[in-house]
Amino acid sequence: QVQLVESGGGKVQAGGSLRVSCAASVRSFSNYAMAWFRQAPGKERAFVAGISWFGGTTYYADSVKGRFTISRDNANNKLNLQMNNLNPEDTGVYYCAARPPLRVPSTKAFDYDSWGQGTQVTVSS
C-alpha cells in the first residue's frame, strides 16, 4: 500500500480557487493510477478526478469538468488538484487515493486500496 498525505485545503468564497496536494510515500509512484474523491456531510464519497500512471490520461466528474485540473509529478511523488471557480457544492473532505500498482484508473472508490486522511475544503456563498 501507499502512504498518502493531503495538504492545501481551506476556506474560500464562491468563485475562488484552491489547490490541494497529496504526497505519496512509495517507490515507483509512477506505477500507480491516482484519483481524488470528496465526501460532503451526509453523503457518500464521490469521484472527482483521476489520472493515469504517467499523467497522459485524465478523468473528471461531470460536475467539475472545466473547473478542476488533476496533475501529477512523478519525480517528486506528488498528486495535485487545482480547483477554480469553486461553488458551495464543492464543499467537503477531499481524499487522494491510489489503486494497486499497474491498474488503470477507476471512478469507483472500492477500486482504490490506499487513502489519505483527507483535507477539508469549504466554499461559502
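The coordinates are above.
Help me understand the packing of aromatic side chains in this model?
Each aromatic ring pair is summarised here by two numbers: the centre-to-centre distance and the angle between the ring planes. Applying the stated criterion to the full structure yields 5 aromatic pairs. Taken together through their ring pairs, the aromatic side chains of Phe37, Phe47, Tyr95, Tyr112 and Trp115 make up a single cluster. Over the ring of tyrosine 95 we find arginine 45, and its NZ or CZ is 3.7 Å from the ring centre. Its end group placed over the ring of tryptophan 115, arginine 45 keeps NZ or CZ at 4.8 Å from the ring centre.

How do you make sense of the sheet that holds strand S8 (residues 78-83) when you look at a structure like this?
Strand pairs in the sheet, formed through backbone hydrogen bonds, run parallel or antiparallel to each other. Reading across the sheet, the 4 strands line up as S1-S3-S8-S7 and stay open at both edges, with antiparallel pairing between neighbours. The outermost strands of the open sheet, each flanked by one partner alone, are strand S1 (3-7) and strand S7 (68-73). With direction set aside, neighbouring strand axes in the sheet form an average angle of 15°. The sheet contact formed by S7 and S8 spans 6 bridges and is antiparallel. What sits directly across from threonine 69, in S8, is glutamine 82.

Sorry if this is basic, but what is going on with the side chain of serine 114 here?
By the secondary structure assignment, serine 114 is in strand S10 (residues 114-115). A relative accessible area of 2% means that serine 114 is categorised as buried. There is a polar contact of 2.9 Å between the side chain of serine 114 and the backbone nitrogen of valine 2. Excluding residues within four positions of it along the chain, serine 114 makes contact with Gln1, Val2, Leu4, Cys96, Ala97 and Ala98.

Looking at this structure, I do not really get unusual backbone geometry. What am I missing?
When glycine is set aside, most residues are seen to have a negative phi, and most peptide bonds are trans. A positive phi angle, close to 50°, is found at asparagine 85, a residue other than glycine. In this model, leucine 102 sits at a positive phi of 65°, which is unusual for a non-glycine residue. Summarising the element assignment, leucine 102 is placed in the loop between strand S9 (92-98) and S10.

What is the right way to read the pairing of strand S11 (residues 119-124) from this model?
Side-chain positions along a regular strand alternate between the two faces of the sheet. Judged by which residues are buried, S11 turns out to be one-sided: Thr119, Val121 and Val123 face inward and are buried, whereas Gln120, Thr122 and Ser124, on the alternate face, are not. Where strand S2 (residues 10-13) lies against S11, 4 bridges are found, and the strand directions are parallel. Across the sheet, the residue bridging to glycine 10 is valine 121, located in S11. Taken together, the 3 bridges between S9 and S11 define a ladder with antiparallel strand orientation. Looking at S11, one finds that valine 93 is bridged to glutamine 120.

Conventions used here
- Residues numbered from 1 in each chain as written.
- Predicted model: local features only at pLDDT ≥ 70, side-chain atom pairs only at ≥ 80, totals over all residues.
- Heavy atoms only, no water.
- Phe/Tyr/Trp six-rings, centres within 6.5 Å; stacked < 30°, edge-to-face > 60°.
- Lys NZ or Arg CZ within 6 Å of the ring centre and 35° of its normal.
- Pairing = 2+ DSSP bridges.
- Helix = DSSP H or I, 4+ residues; strand = E, 2+ residues; numbered from the N terminus.
- Axes fitted to C-alpha atoms, helices over the stretch in contact; angles between N-to-C directions.
- Buried < 20%, exposed > 50% of the residue type's maximum accessible area, 1.4 Å probe, protein only.
- Polar contact = N/O pair within 3.5 Å; in protein donor to acceptor, adjacent residues only side chain to side chain.
- Contact = heavy atoms within 4.5 Å.

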